[in-house]
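# Observations on the three-dimensional arrangement
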Amino acid sequence: MTMFSSRNWREYPHRYRTEASKFKKSGKTYIPKRLVDPETGDTEQETVRLPETGKVLTHTIIRIAPSQWGDKAPYALAIIELTDGTRLMAQMTDVEMDDVKVGMEVRLEFRRVQSEGSHGVISYGYKAVPKWY
Amino acid sequence: MAAGIVGYGAHLPRHRIKVEEIAKVWGADAPSYKKGLMLREKSVPPPDMDTITLSVEAARRALIRSGGVDAADIGAIYIGSESHPYAVKPSGTTVAEAIGATPDIHCADFEFACKAGSEAMYVALSHVKAGEMKYALAIAADTSQGAPSDALEFSAAAGAGAFIMGTENLVAEIQHTHSYMTDMPDFWRREHEFYPQHGGRFTGEEAYFAHTKGASNAILKKSGMKPSDFAYAIFHQPNGKFPQRVALELGFTQEQIDPGWLAPTLGNTYSGASPIGLTATLDVAKPGDMIFMCSYGSGAGSDSFIWKVTERIDEVRDMTVRTRKLLEENLTYIDYGTYAKFRHKIIKNK
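All values derive from a computational prediction rather than experimental measurement.

### Quick look at the overall build of chain A
The helix and strand tally for chain A stands at 2 helices and 8 strands. Its helices and strands in sequence order give chain A the pattern α-α-β-β-β-β-β-β-β-β, from N to C terminus. Here the C-alpha radius of gyration of chain A, 16 Å, is about what a compact globule of 133 residues would show, namely 14 Å. For chain A, the spread of C-alpha atoms along the principal axes amounts to about 45 × 35 × 25 Å. A buried classification covers 46% of the 133 residues belonging to chain A. By sequence separation, contacts in chain A at least 24 residues apart represent 46% of the contacts at least 6 residues apart. Approximately 7,200 Å² of chain A is accessible, and the part contributed by carbon and sulfur atoms is 51%. Within chain A, the 18 negative side-chain charges are centred at a point lying 2 Å from the centre of the 21 positive side-chain charges.

In C-alpha cells, the structure reads:
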C-alpha cells in the first residue's frame, strides 16, 4: 500500500484542479495550499485556480525510483514556474530525458500519478508535458 | 427547441506504433494487413493515460470552445467507453471533480462496445432538449484492448472526444437522430477477460454494414435528405476500409468523409471513433454545412445524427488545438517492446 484512498481524496482540489492559496497582503500564491503565508504571517487568503502553462526552473532525473514508479524510471521531476509566477513541483511525462531543459515550456496535463497495485485506488493529478502548441 | 453542441474537444496520445512493428513480432505480412485494414499506424496510450485522463483533457478543451460555460452549470456527465479504468467506481465523477462540475450533477458511465460514446451524446442531447438542465457533457473515450497477435492488435487505439450539449450559443444544431439496434453476437468481452473476442468476418456484412446502413437509411428517410445534401459524413471506423466502403455504398463521396476519416493513421478508438471524427470535421466545417454522422457498436447498433453547423464555428475552432494537429504533429514512434510495456502485456514473475 502506497497511499490510502482517504488521503488521495483529500488532495483532489490540489491535484485535480490546481487549487492554490493566494494571500491578501503579499499577493503570493502557493500550491499545495498553506494556512499561513510564510513571508508575512498573513492568514487571509482566497482560493485560486492556476494557469496550465509555465516553464521549467530546475529539474532532476530519477533513475532509482520508489516502487510505485519503478516501471516509469527514468523520469524527471521539475520545479515549474507557471505563467502567473506560482511555482510547483511536478513529474514530467511524454518527454525524453535528454530533452528536459531549464527554461523549457510545459503544459500541465491530467494523468495517472500512482495506484495501489492492481487492486487499489488509482490516484490522478497533474503532470507536466512539453508545450508544443 | 433548438439543441446541439455548445463546445467540443478531443485528446489523443502522442505515441504511435506502425503496422510493420507489430507484424514483425507475429510473423504477419505487414503489406497485406495495411491494405486489408487500410491502416498504417495507431495511437498508443502511455501507462499514465487512461479513459479518465483522456476524458478530462477532451472535456477541458470542450469547455474552452464553449466560450465561457461555467462547469458548475453542467447538469450531467456521461462517458461512453469499453475501457473504464474501474470495474466498479464511475469514471464520470472523477471527470466532474477535475473540471469543477461537482456536486450538483448526474453522472453515468455508458457501455455498448464501440457505440457507448454516441449513446452518451444521444442522452445528453435529450436532456437539454427536454429542458431538464442547461448543459450536459457527453464524452466518448477509449484505450482499446486488442489481444496480442489478433487482428485487433493492429488497430486498437486510444483517444477521446467531448461535447457540451446545450440550447443556446450552439456551434452545431441537431436536426435529426435515429437509432437502429438488434441482438448481434459479432464482438464481446466477458467479465474478467483482458481482451475482446470477435466473429472475424462475421463482424462485417451482417454486423457493421447492416446496422450502419440501417441507421443511415432510416435517418435519411426521416429527414428527407440525400447524401449530396451534406458537406461531410463520419462513420464508425474500426479500420480505414469499413467507413470508406459504407460511405461509398450509401452514396457519399471520399471528399465528404475525408476530414473525419482518421482511422488510417489513428487506428480504432472504439467508443471514440466517430465522435473524434466529428471533432475533426467541425474543425474544418463552414457555417451552414450539414454533417452526417453514424456510429456503430457491436452487440449491435448504430446511432445516426444530422448536424447543422452555425456561424459560431468560425469563432471557436481555433480557441484550442485542432484534432488533425493532435493526430499529425508532436508524434513519438515506439517499438513493440515499449508498446507491450505501455499496454501491460508483459507478465513480470517477480
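### Things to note about the packing of helix H3 (residues 51–65) of chain B against helix H4 (residues 91–99) of chain B
Residues and elements named next belong to chain B. It is the contact of H3 with H4, at a shortest axis distance of 9 Å, that shows an interaxial angle of 45°. As far as their axial angle goes, H4 and H3 are oblique. Relative to H4, H3 is oriented so that their crossing is right-handed. Facing H3, whose interface residues are Ile52, Ser55, Val56, Ala59, Arg60 and Leu63, H4 presents Ser91, Thr94, Val95, Ala98 and Ile99. The residue makeup of the contact of H3 with H4, split by class, is 7 nonpolar, 3 polar and 1 charged.

### Some remarks on the sheet that holds strand S2 (residues 15–18) of chain B
Residues and elements named next belong to chain B. Reading across the sheet, the 3 strands line up as S3-S2-S14 and stay open at both edges, with mixed pairing between neighbours. Edge positions in the sheet fall to strand S3 (41–44) and strand S14 (332–333), since each has one partner strand and no second. Relative to S14, S2 runs parallel, the two being bridged by 2 bridges. Counterpart to histidine 15 in the pairing with S14 is threonine 332.

### Section: the sheet that holds strand S6 (residues 87–91) of chain A
Strand order in this open sheet of 5 strands is S6-S5-S4-S7-S8 (chain A), and the pairing throughout is antiparallel. A single partner strand is all that each edge strand has here, and the edge strands are S6 and strand S8 (122–130) of chain A. When the angles between neighbouring strand axes are averaged without regard to direction, this sheet yields 30°. Both strand S4 (residues 53–62) of chain A and strand S7 (residues 105–115) of chain A contribute to a ladder of 3 bridges, which runs antiparallel. Residue pairing for S7 of chain A: lysine 55 of chain A is matched across the bridge by glutamate 105 of chain A. In the packing of H3 of chain B onto the sheet, contacts are made with S7 and S8 of chain A, and the angle to S7 of chain A comes to roughly 150°.

### A word on H4 of chain B
Given 3.6 residues per helical turn, the α-helix brings residues three or four places apart onto the same face. The element H4 of chain B is extensively covered by neighbouring structure, given that 8 of its 9 residues are classed as buried. Among all positions in H4 of chain B, only Ser91, Gly92, Thr94, Val95, Ala96, Glu97, Ala98 and Ile99 of chain B are buried.

### Quick look at helix H10 (residues 273–282) of chain B
Of all the 10 residues making up H10 of chain B, 10 are buried; the element is thus mostly covered by neighbouring parts of the structure. Taken as a whole, H10 of chain B has its buried residues at Ala273, Ser274, Pro275, Ile276, Gly277, Leu278, Thr279, Ala280, Thr281 and Leu282 of chain B.

### So, the side chain of serine 271 of chain B
All names here are of chain B. Along the chain, the position of serine 271 falls in the loop between helix H9 (263–266) and H10. Engagement of the side chain of serine 271 in a polar contact is seen with the side chain of aspartate 142, the distance being 2.8 Å. Ignoring anything within four residues of it in the chain, the contact list for serine 271 reads Gly80, Ser81, Glu82, Ala113, Cys114, Ala116, Gly117, Ala140, Ala141 and Asp142.

### Description of the packing of aromatic side chains
Within this structure, the stated rule accounts for 22 aromatic pairs over all chains. Their ring planes at 50° and their centres at 4.9 Å tell us that phenylalanine 209 of chain B and phenylalanine 242 of chain B sit as a pair that is tilted. Here phenylalanine 209 of chain B is found in helix H6 (residues 204–223), whereas its partner phenylalanine 242 of chain B is found in helix H7 (residues 241–250), with 33 residues between them in sequence. As far as burial versus exposure is concerned, phenylalanine 209 of chain B and phenylalanine 242 of chain B are alike and both buried. An aromatic cluster is built from Tyr12, Tyr16, Phe110 and Tyr124 of chain A, whose rings are joined through pairwise contacts. The side chain of arginine 34 of chain A reaches across the aromatic face of tyrosine 30 of chain A, ending 5.4 Å from its centre. Positioned over the ring face of phenylalanine 209 of chain B is arginine 245 of chain B, at 3.9 Å from the centre of the ring.

### Quick word on the domain arrangement of chain B
Residues and elements named next belong to chain B. Considered domain by domain, chain B is made up of domain 1 (4–172 + 314–342) and domain 2 (174–313). For domain 1 versus domain 2, the separation of C-alpha centres amounts to 16 Å. At the junction of the two partners, domain 1 supplies 65 residues and domain 2 supplies 57 residues. Considering only the surface of domain 1 that becomes buried against domain 2, Met38, Cys114 and Arg324 emerge as the three largest contributors, covering 13% of it. Taking the shortest distance from any N to any O, the salt bridge between arginine 65 and aspartate 283 comes out at 3.5 Å. At the surface where domain 1 touches domain 2, the tally comes to 38 residue pairs in polar contact (both at pLDDT 80 or more). Elements that contribute at least two residues to the side of domain 1 that touches domain 2 include exactly strand S1 (4–11), helix H2 (30–37), S3, helix H5 (116–129), strand S6 (135–143), strand S7 (158–166), helix H11 (313–316) and helix H12 (323–328). Sort the elements by how many residues they give to the side of domain 1 that touches domain 2 and H5 lands first, with 7 residues. Within the side of domain 1 that touches domain 2, the residues separate by chemical class into 31 nonpolar, 18 polar and 16 charged.

Rules of the game
Residue indices follow the written sequence of each chain, beginning from 1 at its first position. Chains and ligands are labelled by the order in which they are written, letters from A for the one and numbers from 1 for the other. Given that this is a predicted model, residues contribute local features only at a pLDDT of at least 70 and side-chain atom pairs are listed and counted only at 80 or more, while totals for whole chains, interfaces and linings are drawn from all residues. Neither water nor hydrogens contribute to the side-chain values; these are computed over all heavy atoms in the structure. Helical segments are the DSSP runs of H or I of at least four residues, strand segments are the runs of E of at least two, and each set is numbered from the N terminus. For the radius of gyration, the atom set is restricted to C-alpha positions; the globular benchmark scales as 2.2 Å times the number of residues to the power 0.38. Residue burial is assigned from relative accessible area. The probe radius is 1.4 Å, only protein chains are included, and a residue is buried under 20% of its type maximum, exposed over 50%, and partly exposed in between. In what follows, residue pairs with any heavy atoms lying within 4.5 Å of each other are defined as contacts. Using a 1.4 Å probe, accessible areas were evaluated by the Shrake-Rupley method; residue-level cover was limited to the displayed protein chains. By the counting scheme adopted, Arg and Lys are positive, Glu and Asp are negative, and His together with the chain ends is not counted. For this purpose, a charge sits on NZ of Lys, CZ of Arg, CG of Asp or CD of Glu. Throughout, an axis means a line fitted to C-alpha atoms (over the contacting stretch in the case of helices), and angles, computed between N-to-C directions, take values from 0 to 180 degrees. Convention used here: angles under 35 degrees read as roughly parallel, angles over 145 as roughly antiparallel, angles from 65 to 115 as roughly perpendicular, and any remaining angle as oblique. A crossing counts as left-handed when the near helix is turned anticlockwise from the far one by less than a right angle, and as right-handed when that turn is clockwise. Residues are grouped as follows: Ala, Val, Leu, Ile, Met, Phe, Trp, Tyr, Cys and Pro are nonpolar; Asp, Glu, Lys and Arg are charged; all remaining types, including Gly, are polar. Pairing between strands requires that DSSP locate at least two bridges from one strand to the other. Within 3.5 Å is the distance limit for a polar contact, defined as a pair of N or O atoms, with the added protein rule that one can donate a hydrogen and the other accept it, and that residues adjacent in sequence qualify only through two side-chain atoms. A pair of Phe, Tyr and Trp rings is counted when the ring centres sit within 6.5 Å of each other, with Trp represented by its six-membered ring. The angle between the planes then sorts it: under 30 degrees is stacked, over 60 is edge-to-face, the rest tilted. Only Lys NZ and Arg CZ are tested; either one counts as a charge over a ring when it is within 6 Å of the ring centre and within 35 degrees of the ring normal. As used throughout, domain bounds are those supplied by an automatic or database domain assignment. In short, buried area is how much 1.4 Å probe accessible area vanishes from two parts on joining, totalled over both. A side-chain nitrogen of Lys or Arg and a carboxyl oxygen of Asp or Glu constitute a salt bridge if their distance falls within 4 Å.

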